[in-house]
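Next come the chains, spelled out residue by residue.
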Amino acid sequence: MDPVGFHKHDHSKCIQECLTAADEQCSDKGVRLTPVRRRTLEILLQDHRALGAYDLLDKLREEGLGSQPPVIYRALDFLTEHGFAHKIERLNAFVACSHPGESHAPSFLFCRECSTVAEAAHGAFEAIAEDQAKAVGFVAERVMVEIEGLCPDCRG
Ligand SMILES: [Zn+2]
Ligand SMILES: [Zn+2]
Ligand SMILES: [Zn+2]
């Protein structure tokens, strides 16, 4: 699967597919994609950009969906737990998953200028990390690669 985010693509389809996948998976698992959770995911999907919890909370507040920090933290916990969104530690921000439904250790390329994020192809870095770990007798349990740089737009 290609990294999604930097190259041109049919983005309205991208949003729609991710929301549909989230709806389906929630009903399969018997968990609720409440209006706040769904709207948070939708905001994250708007443009493949990392957003902080407070940016998200500002939007929810404008729309009358909630104004207290626990509202957004609970929604983000839900979305990350179920793999619909990921946290980028370096940015302390969140991004919608580009491959919802596949279980994966996410790896990212993110732009330090505009915070656009592309999720790297599934498995792109795990094998390398596991080899490195094995070589020193280390057991890798979680591999998360965050590559910082400039996206094609900001580079220009
Ligand atoms: Zn898109
Ligand atoms: Zn993902
Ligand atoms: Zn950029």
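Rules used in this analysis
Residues numbered from 1 in each chain as written. Chains lettered and ligands numbered in written order. Predicted model: local features only at pLDDT ≥ 70, side-chain atom pairs only at ≥ 80, totals over all residues. Heavy atoms only, no water. Buried < 20%, exposed > 50% of the residue type's maximum accessible area, 1.4 Å probe, protein only. Helix = DSSP H or I, 4+ residues; strand = E, 2+ residues; numbered from the N terminus. Pairing = 2+ DSSP bridges. Contact = heavy atoms within 4.5 Å.

Turning our attention to the pairing of strand β3 (residues 107–111). Both faces of the sheet carry side chains from a regular strand, because those side chains alternate between them. Judged by how many residues are buried, β3 sits mostly within the fold: 4 of 5 residues are covered. Pairing of β3 with strand β5 (residues 145–149), which is carried by 5 bridges, proceeds in the parallel orientation. Bridge pairing in β5 places Phe-108 opposite Glu-146. Sheet topology note: the β3/strand β4 (residues 117–119) ladder contains 3 bridges and is antiparallel. Residue pairing across strands places Leu-109 opposite Ala-118, the latter belonging to β4. From the end of β3 to the start of β4, which pair antiparallel, there are 5 residues, and Ser-115 there has a positive phi angle of about 60 degrees.

The next subject is the side chain of Ser-107. Its place among the elements puts Ser-107 in strand β3. Overall, the relative accessible area of 4% leaves Ser-107 in the buried class. Discounting chain neighbours no more than four positions away, the residues touching Ser-107 are Ala-118, Glu-119, Ala-120, Phe-125 and Val-145.

Spatial relationships are all this shows, so hold off on functional conclusions.
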